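Examination of the molecular architecture
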Amino acid sequence: MIILGIETSCDETSVSIIKASSDRIEVLSNIVSSQIKLHSEWGGVVPNLAAREHLKNISPVLKRALTCSKKNIKDIDLISVTKGPGLMPALLIGTSFAKTISYIWEKPLIGIHHIEGHIYANFIDSKLSARSLTKKNTVTIYKGRGSRIKFPILCLVVSGGHTQLILMKDHLQYKIIGETQDDAAGEAFDKVARILGLGYPGGPAISAEAEKSNRQISDLPLRQDSGEASKIQISLPRPMINSGDFNFSFSGLKTAVLYKTKKMSLSQISNLKSQICREFQQAVIDVLICKTVNAAEKYNPETIILAGGVSANKELQKQMASAIKDNLPHSKFKIPNSEFSLDNAAMIAAASYFRWKNMSEKQKKDSLKNWKTLQTEAGLKLS
Ligand code: KG4
Ligand code: ZN
């Protein structure tokens, strides 16, 4: 079947067309219009500005998605849209638009939980999803078809708004076994980046700085004068690493960076920036890996998957793959293709295929009337 997906929960306007069957989920188009430039001026996403941009962009993005997929309206079997969680003004543009086209084109409509979308990004098949890390790394990431991922699945969701460990015994069945008690991992990356003057979004900027520090360390013996940065050791806590449960906390880690930098001059911060980023990133990674491995040892999943924007972090991918290989040789490790790790509509369309397959004939028929009844919920829970 051909599915049109729509995502506007935060700062990306995205429309995708996918071709889905029980054997394969193929992305025909996945257009993402990012608002990062606009929001970076404000140091974070401004909800009303995001809504205004979504409104401006959504029609041309839809047109491009249809053109690129070489499909037209009559080919579409189902429309799906992110109904929450997210920024209410932003979500409402997507859901109102989806309701309008569902009504006018007389197509069934279903609403999808944003995190369900991130999880199902792993089920998308594409040539590129058969990925491995750089040649230097010996760790392997499961390259099999998304549609063949085996249950039970342990899923580490790491995004700007969520950090959760979720156990899935089967499709669409979610048991949250641990979650953050305060900030999400991505939120911590964004806040630490703001403290260090690295702009928005923080994740890619921090990982780039951390990479610089890695290079400096590997260059060290060759350098005559390694300077101030090599003399000072930055060390940060690994919050809740020994808490004995699967919960997380990242707010204190961000505050630890704030207190450390408050004691430094601007030039010290500038000299030590990449070292701070490296240690902060490593602290987050250590906690994420420790909790995931502990949870996997308890629940014995067939597959461990990453989901959400922070899953784009190469160091996290590499170290998690290696920890799984060493500690859980019977579990496979899967990450979404980089194209589908940040917010996008293909993941929403992919999740909606599994929802649709699970619906009765009556529910499918009723979804033709969802343009009237679909609710948008900023604080929607995964169920
Ligand atoms: O999933 P996502 O696109 O949006 C939400 O649903 O929140 O995730 C965005 C988050 C941001 O906090 C961003 O800083 C983080 O993902 N992120 C990263 C990386 N790329 C994006 N965090 C760490 N390393 C990255 N390479
Ligand atoms: Zn997201």
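Described in the following lines is the structure provided in the data block.

Applying the stated criterion to the full structure yields 15 salt bridges. Its salt-bridge partner being E116, residue R355 comes within 2.7 Å of it at the nearest N-O pair. You can see R355 sitting in helix α11 (residues 346-357) and its partner E116 sitting in helix α4 (residues 114-120), a full 239 residues away along the chain. Overall, the relative accessible area of 26% leaves R355 in the partly exposed class. You can call E116 buried: its relative accessible area is 1%. Look at the salt bridges and you will find they share partners, linking D183, E187, K191 and K254 into a network.

Looking now at the site of ligand 1. The local shell around ligand 1 holds 20 residues, among which H118, G160, D190, G203 and G309 are the closest. At 2.7 Å, a side-chain N or O of D190 approaches an oxygen atom of ligand 1. A distance of 3.2 Å is found between an oxygen atom of ligand 1 and a side-chain nitrogen or oxygen belonging to D343. One can see that ligand 1 is located within the largest pocket.

Let us look at the sheet that holds strand β10 (residues 332-334). Taken in spatial order, the five strands line up as β8-β7-β6-β9-β10 in an open sheet, and their pairing is mixed. Of all the strands in the sheet, the pair left with one neighbour each is β8 (175-179) and β10. On average, each strand axis in the sheet is tilted by 20 degrees relative to the strand beside it, whichever way the strands run. Strands in contact with helix α9 (residues 266-299) are β6 (153-158), β7 (163-168), β8 and β9 (303-307); relative to β6, the strand with the most contacts, it is inclined by about 160 degrees.

Moving on to the coordination of the zinc ion (ligand 2). Taken together, H114 (NE2), H118 (NE2) and D343 (OD) make up the protein donors of the zinc ion (ligand 2), found 2.0 Å from the metal. With a relative accessible area of 16%, D343 lands in the buried category.

Approximately 940 Å³ is the volume attributed to the largest pocket. For the largest pocket, the lining is made up of 35 residues, of which S159, G160, G161, D190 and Y200 are closest to its centre. The element that contributes the greatest number of residues to the lining of the largest pocket is helix α5 (residues 185-195), accounting for five residues. Within the lining of the largest pocket, the residues separate by chemical class into 13 nonpolar, 16 polar and six charged.

Time to look at the sheet that holds strand β4 (residues 78-84). One open sheet accounts for five strands, arranged β3-β2-β1-β4-β5; its pairing is mixed. Only two strands of the sheet have a single partner each, and these edge strands are β3 (25-34) and β5 (109-113). Put simply, the sheet's adjacent strands are angled 20 degrees from each other on average, direction ignored. This element, helix α2 (residues 47-69), spans β1 (2-7), β2 (12-20) and β3 of the sheet and lies at about 25 degrees to β2. Relative to β4, helix α3 (residues 88-105) is tilted by about 155 degrees, and along the sheet it contacts β1, β4 and β5.

The next thing to look at is the environment of V158. Looking at the secondary structure, you find V158 in strand β6. For the pair V158 and S311, spaced 153 residues apart in the sequence, the C-alpha separation amounts to 6.4 Å.

Before going further, it helps to examine the pairing of β7. Where burial is concerned, most of β7 is hidden: six out of the six residues are buried. Of the two faces of β7, the one lined by T163, L165 and L167 and the one lined by Q164, I166 and M168 are each fully buried. Where β6 meets β7, six bridges bridge the pair, whose relative direction is antiparallel. Residue pairing across strands places V158 opposite T163, the latter belonging to β7. The turn joining β6 and β7, which pair antiparallel and follow one another in sequence, is formed by four residues. Judged from the four bridges that link them, β7 and β8 form a sheet pairing that is antiparallel. The partner of Q164 across the bridge, within β8, is E179.

Cut-offs and rules
- Residues numbered from 1 in each chain as written.
- Chains lettered and ligands numbered in written order.
- Predicted model: local features only at pLDDT ≥ 70, side-chain atom pairs only at ≥ 80, totals over all residues.
- Heavy atoms only, no water.
- Salt bridge = Lys/Arg side-chain N within 4 Å of Asp/Glu carboxyl O.
- Helix = DSSP H or I, 4+ residues; strand = E, 2+ residues; numbered from the N terminus.
- Buried < 20%, exposed > 50% of the residue type's maximum accessible area, 1.4 Å probe, protein only.
- Near = heavy atom within 4 Å.
- Polar contact = N/O pair within 3.5 Å; in protein donor to acceptor, adjacent residues only side chain to side chain.
- 1 Å grid on protein atoms, 1.4 Å probe; cavity = no way out; pocket = protein on both sides within 12 Å on 5 of 7 lines; lining within 4 Å.
- Sits in = over half its atoms within 2 Å of the grid points.
- Pairing = 2+ DSSP bridges.
- Axes fitted to C-alpha atoms, helices over the stretch in contact; angles between N-to-C directions.
- Contact = heavy atoms within 4.5 Å.
- Donors = N, O, S within 2.8 Å, 3.2 Å for Na, K, Ca; no water.
- Points joined across faces, edges and corners; volume = space filled by probe spheres on them.
- Nonpolar A, V, L, I, M, F, W, Y, C, P; charged D, E, K, R; others polar.

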